[in-house]
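# Summary of the model geometry
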Amino acid sequence: MDLANLHAFVVVADQGSFSLAAEQLHLTQPAVSKRIAALEQELEARLFDRIGRQVQLTEAGRTLLPRARRILAELEDGRRALRNLSGQVAGTLTIATSHHIGLHRLPPVLRAFAAHYPQVRLDMRFTDSELACEMVGRGEVELAVVTLPPQPMSGPIHTTPIWDDPLVVVVPPEHPLASFAPRVSPFRLAGHPAILPGEGTFTRDIVARLFEELGIRLSIAFSTNYMETIKMMVAVGLGWSVLPRAMLREGEELVALELEGLTVRRSLGVVQHTGHTLSNAARAMLGILLEQREYPAS
């Protein structure tokens, strides 16, 4: 089986599009189509249904996909193990991270890494923390620097807390809740619309669990996974939210409120696959991240 064809199959499945897969693979769309056709011919099975510009996996495609991921992940793991023998820190390091961490936490880390290891090409994938963890599990990235899940993850996934990230309630100065600064009862919040990350996100789970334990049902006006967007929507008066204190800059017209009787915080850190060999570049990145650590080593 041609591994290039198998790789093209996985990328098309992930992107749901031949054109987007071609961009990621740095190939022409006809070249990607040719690889998929060759794989289908070899397997004697149709792998995709083409519906307009979108593609969907057939039953055969869905059966092949997890196996293809495992084959490619094992091959890459073997390549990394062999490259590590040289001791050289070079090649490509693929990392997934969230937009928030990329903006507010990673710049000094990336600056230090680039200065110490100029022979490494960083391939940064910006996505939601939850999806980044899945990418680690599938072997698509070596490390994810993300909001850590509030509960331990199943499978061969290891998490290392790096930054403590306190969260505060934020409202614009003209909001009725602003008059209760510096602290507000969580029960008062229920009477006003909230803007929170989408359901199923780690941050939403952390916040929702705190209010559920008090028997409080929140009124959610909007949901978006981009913290900067939430901050803007709060600033224009569309609702209150819970944001990392680190996002609030001096002089901004936002009022930060502590919750009476509650401490809201999340952990930001590194996710890695315990069954995969880390490249020398990934080990070096992990070392720089650990130098930033605000938690005691466990």
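Everything here concerns the structure above.
All of the points below concern the structure found in this document.

Each value, and the rule that gives it
Residues numbered from 1 in each chain as written. Predicted model: local features only at pLDDT ≥ 70, side-chain atom pairs only at ≥ 80, totals over all residues. Heavy atoms only, no water. Helix = DSSP H or I, 4+ residues; strand = E, 2+ residues; numbered from the N terminus. Buried < 20%, exposed > 50% of the residue type's maximum accessible area, 1.4 Å probe, protein only. Patch = residues over 30% accessible without salt bridge, like charges linked within 9 Å, V, L, I, M, F, W, Y side chains within 5 Å. Areas by Shrake-Rupley, 256 points an atom, 1.4 Å probe, with all protein chains shown as cover. Salt bridge = Lys/Arg side-chain N within 4 Å of Asp/Glu carboxyl O. Pairing = 2+ DSSP bridges. Phe/Tyr/Trp six-rings, centres within 6.5 Å; stacked < 30°, edge-to-face > 60°.

## As for unusual backbone geometry
With an omega dihedral of 10 degrees, the bond running from Ala181 to Pro182 counts as a cis peptide bond. Looking at the secondary structure, you find Pro182 in the loop between strand E6 (157-171) and strand E7 (183-184). Within the chain, His26 stands out as a residue other than glycine whose phi angle is a positive 60 degrees. Within the secondary structure layout, His26 lies in the loop between helix H2 (18-25) and helix H3 (29-43). In the Ramachandran plot, Glu44 falls in the positive-phi region, its phi being about 55 degrees despite a non-glycine side chain. Structurally, the position occupied by Glu44 is in the loop between H3 and strand E1 (48-51).

## Some thoughts on the environment of Glu44
For Glu44, a relative accessible area of 74% gives the class exposed. Taking the C-alpha atoms as reference, Glu44 lies 9.9 Å from Ala60; in sequence the two are 16 residues apart.

## Quick word on a nonpolar patch on the surface
On the surface, Phe222, Met232, Val236 and Leu238 cluster together into a nonpolar patch covering about 360 Å² of accessible area. On the secondary structure map, Leu238 appears in the loop between helix H10 (227-235) and strand E10 (241-244). Relative accessible area serves as the criterion here: at 37%, Leu238 is assigned to the partly exposed category.

## Some details on the pairing of strand E11 (residues 255-259)
Burial of the side chains of E11 is restricted to one face: Val255, Leu257 and Leu259 are buried, whereas none of Ala256 and Glu258 on the reverse face is. Bridging between E6 and E11 involves three bridges; their strand directions are antiparallel. For Val170, the partnering residue across the bridge sits in E11 and is Ala256.

## As for the packing of aromatic side chains
Going through the model one piece at a time under the given rule, you end up with four aromatic pairs. Their ring planes at 45 degrees and their centres at 5.2 Å tell us that Phe113 and Tyr117 sit as a pair that is tilted. We classify Phe113 as buried; its relative accessible area is 1%. Ring plane angle 45 degrees and centroid distance 6.2 Å describe the contact between Phe211 and Trp240, whose orientation is recorded as tilted. Here Phe211 is found in helix H9 (residues 202-213), whereas its partner Trp240 is found in the loop between H10 and E10, with 29 residues between them in sequence. There is no split in this pair, since Phe211 and Trp240 are both buried. Within the aromatic cluster, the residues linked to one another by ring pairs are Phe9, Phe18 and Phe48.

None of this, on its own, says anything about what the molecule does.
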